Amino acid sequence: MLLGLIVLASAAFGGDAEKCDIVVGELVPNAHVARELADVIIRGRQTPEERSRYVLHVEPDGETGWFVYQGLPDSSPDAKGNVPVTAGGGGLGMRIDRCNGEMSNVYYQR
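Keep in mind the model is a prediction, meaning the values are calculated, not measured.

Enquirer: Describe in detail the sheet that holds strand β1 (residues 55-61), supporting the description with residues and values.
Expert: Ordered in space as β1-β2-β3-β4, the four strands form an open sheet in which the pairing is antiparallel. Strands with a single pairing partner mark the edges of an open sheet, and in this sheet they are β1 and β4 (103-109). Each adjacent strand pair in this sheet contributes to an overall mean axis angle of 15 degrees, direction not counted. In terms of strand pairing, β1 meets strand β2 (residues 65-71) through seven bridges, oriented antiparallel. Counterpart to Glu-59 in the pairing with β2 is Phe-67. Lying over the sheet, helix α2 (residues 31-45) contacts β1, β2, β3 (91-97) and β4, oriented at roughly 135 degrees with respect to β3.

Following this line, the structure appears as structure tokens:
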């Protein structure tokens, strides 16, 4: 079912058939599809309360994948203009291959 969802999403957002060795082209052609895939995995691992603590970031990982990870939201300055800095933060992260949707380098950070 997940593969079917990926194929449909790829067709809807225009996968690049020339970059990949599969007929349908890139299964994860853009950040939106990468975010949706990661969100499926994260929803299976975290409660809604846990997920609400994080912001989901998606960044290109070269030309072959996406790096998707949870991070804490940016802190707002206090009345004096000081910005709190938080070390760590936790959350799940993973690399998603553009061509086949393979997830690798999955990690959980506290």
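Enquirer: I'd like to hear about the packing of aromatic side chains, residue by residue, with values.
Expert: Within the structure shown, the criterion is met by two aromatic pairs. One aromatic cluster is present, built from ring pairs that chain together Phe-67, Tyr-69 and Tyr-107. Directly above the aromatic system of Trp-66 lies the positively charged group of Arg-98, at a separation of 3.9 Å from the ring centroid.

Enquirer: Let's hear about the pattern of salt bridges: which residues, and what values?
Expert: Counted under the stated rule, the structure contains three salt bridges. Here Arg-43 makes a salt bridge to Asp-39, at a shortest N to O gap of 2.6 Å. With Arg-43 and Asp-39 both in helix α2, this residue pair falls four residues apart, about one helical turn. Look at Arg-43 and you get partly exposed, because its relative accessible area is 43%. The salt bridge partner of Arg-95 is Asp-61, with a shortest N-O separation of 2.6 Å. Here Arg-95 is found in strand β3, whereas its partner Asp-61 is found in strand β1, with 34 residues between them in sequence. By relative accessible area, which is 14% here, Arg-95 ends up buried. Three or more residues joined by partner-sharing salt bridges are found here, namely Asp-61, Arg-95 and Asp-97.

Enquirer: Can you break down the pairing of β4 residue by residue, with the values?
Expert: Along a regular strand, successive side chains alternate from one face of the sheet to the other. Examined bridge by bridge, β3 and β4 share five bridges and lie antiparallel to one another. If you follow Gly-93 over to β4, its bridge partner there is Tyr-107. Between β3 and the antiparallel strand that follows it, β4, lie five residues; Gly-101 among them carries a positive phi value of about 75 degrees.

Thresholds, definitions, all that
Residues numbered from 1 in each chain as written. Predicted model: local features only at pLDDT ≥ 70, side-chain atom pairs only at ≥ 80, totals over all residues. Heavy atoms only, no water. Pairing = 2+ DSSP bridges. Helix = DSSP H or I, 4+ residues; strand = E, 2+ residues; numbered from the N terminus. Axes fitted to C-alpha atoms, helices over the stretch in contact; angles between N-to-C directions. Contact = heavy atoms within 4.5 Å. Phe/Tyr/Trp six-rings, centres within 6.5 Å; stacked < 30°, edge-to-face > 60°. Lys NZ or Arg CZ within 6 Å of the ring centre and 35° of its normal. Salt bridge = Lys/Arg side-chain N within 4 Å of Asp/Glu carboxyl O. Buried < 20%, exposed > 50% of the residue type's maximum accessible area, 1.4 Å probe, protein only.

Function-wise, these values are silent; they only describe arrangement.
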